[in-house]
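Report on the structure
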2 protein chains.
Amino acid sequence: MEEYCEECEHERRIKTALAAMPSADGIEEMCARFKALGEPSRLKILFALSAGELCVEHIVQAVEGRQSAVSHQLKILKDNKILKSRRKGQKVLYSVADDHVKVILQTAKEHLGCE
Amino acid sequence: MEEYCEECEHERRIKTALAAMPSADGIEEMCARFKALGEPSRLKILFALSAGELCVEHIVQAVEGRQSAVSHQLKILKDNKILKSRRKGQKVLYSVADDHVKVILQTAKEHLGCE
DNA sequence: ACAACTTATGAATAAGTATTCATATATTAA
DNA sequence: TTAATATATGAATACTTATTCATAAGTTGT
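Residues numbered from 1 in each chain as written. Chains lettered and ligands numbered in written order. Predicted model: local features only at pLDDT ≥ 70, side-chain atom pairs only at ≥ 80, totals over all residues.

**Here we look at the protein's contact with DNA strand C**
Close to DNA strand C lie 25 residues; Arg66(A), Ser68(A), Cys55(B), Glu57(B) and Ser68(B) are nearest. For the surface near DNA strand C, the secondary-structure elements that each account for two or more residues are α5 (67-79) of chain A together with α4 (56-63), α5 (67-79) and β3 (91-96) of chain B. Considered class by class, the residues forming the surface near DNA strand C number six nonpolar, 13 polar and six charged. (Near = placed C-beta within 6 Å. Helix = DSSP H or I, 4+ residues; strand = E, 2+ residues; numbered from the N terminus. Nonpolar A, V, L, I, M, F, W, Y, C, P; charged D, E, K, R; others polar.)

In structure tokens, the structure reads:
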């Protein structure tokens, strides 16, 4: 016999869990942003931009991919508000959208481990 | 004419970026863990477990999926050290692996937004 | 050992996604 | 306007991944 009714405790936790569960939209939104970070090419792009903004050509050099592939990935990162861009003449300069993203990256680096 | 040599500045940043770039293994590791978080079913499971450990059956109820699907996802989360488990009789109780994961989730919730 | 219950797993299918090539769009200079 | 440079995009292919069904494996009580 348990020190308490385990079934009841878990039932209680299920209710708590369901109550704290974000809306489907919330889950999707959060999810989309984690997903955006969960791909090697995109994560590389983020590290490349951690030192400051770069134009596409230089990002391509830093991550060693094809121009079109990088461009597609940049779009995904921008659509997910992880990057922002500004045009400067012929070039488009990309940079990390805001400090929030930097905090996530930094936290992940410390807590998820990343040599 | 710019206030400084923009080309040179970007070249400098490329070098900085490349120098700060984690190893391929580091990228993969970090990436895998973001990827694990970047899927609705798995993110739901994490929220379900945020209140404490639950057995598989109750997780299934909380996330409204099939048992086998949930079990596959639990394995992925466990393989990525995001969840841990312990057996208690017939049941297997899952819980968030450590506080690091909680911090990531909390940070993401605040910074990536999640109503 | 057997039956009941709980969780895990393999194989197959379906859905999603990254990359590539070719090309389009945008900007600048001549 | 034309040429040159830089970036973006559409379509196709290859790859990855989530889910399902069926079933296996682990646990408990009889």
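**Notes on the protein's contact with DNA strand D**
Inspection of the region around DNA strand D gives 25 residues, with Cys55(A), Val56(A), Glu57(A), Ser68(A) and Ser68(B) positioned closest. At the level of elements, α4 (56-63), α5 and β3 (91-96) of chain A together with α5 of chain B are the ones that each hand at least two residues to the surface near DNA strand D. By residue number, the principal contributor to the surface near DNA strand D is α5(A), which donates six residues. Classifying every residue of the surface near DNA strand D by side-chain character gives six nonpolar, 13 polar and six charged.

**Some remarks on the confidence of the model for chain A**
For chain A, the average pLDDT comes to 87, and 90% of its residues sit at 70 or higher. The spread of mean pLDDT over the elements of chain A runs between helix α1 (residues 6-20) of chain A, the lowest at 77, and α5(A), the highest at 98. (pLDDT = per-residue confidence, 0-100.)

**What about the interface of chain A and chain B?**
Accessible area lost during the coming together of the parts is what is often quoted as the interface size. With 45 residues of chain A in contact, the opposing surface of chain B contributes 45 residues. Within the residue set of the side of chain A that touches chain B, elements represented by two or more residues are α1, α2 (24-37), α3 (40-48), β1 (54-55), α4 and α6 (99-111) of chain A. A total of ten residues in the side of chain A that touches chain B trace back to one element, the largest contributor, which is α2(A). (Contact = placed C-beta atoms within 7 Å.)

**Focus: the environment of His72(B)**
Residues and elements named next belong to chain B. Along the chain, the position of His 72 falls in helix α5. Taking the number of C-beta atoms within 10 Å as the measure of exposure, His 72 has 14 and is therefore partly exposed. Put simply, His 72 and Arg 42 are 30 residues apart on the chain and 9.9 Å apart in space, counted from C-alpha to C-alpha. (Buried ≥ 20, exposed ≤ 12 C-beta atoms within 10 Å, placed from the backbone.)

**Regarding the sheet that holds strand β2 (residues 83-88) of chain B**
All names here are of chain B. The three strands lie next to each other as β1-β3-β2, forming an open sheet whose pairing is antiparallel. Edge positions in the sheet fall to β1 (54-55) and β2, since each has one partner strand and no second. Direction of pairing for β2 relative to β3: antiparallel, over a ladder of six bridges. Bridged to Arg 87 within β3 is Val 92. Contacting β2 and β3, α5 runs over the sheet at an angle of about 120 degrees to β2. (Pairing = 2+ DSSP bridges. Axes fitted to C-alpha atoms, helices over the stretch in contact; angles between N-to-C directions.)

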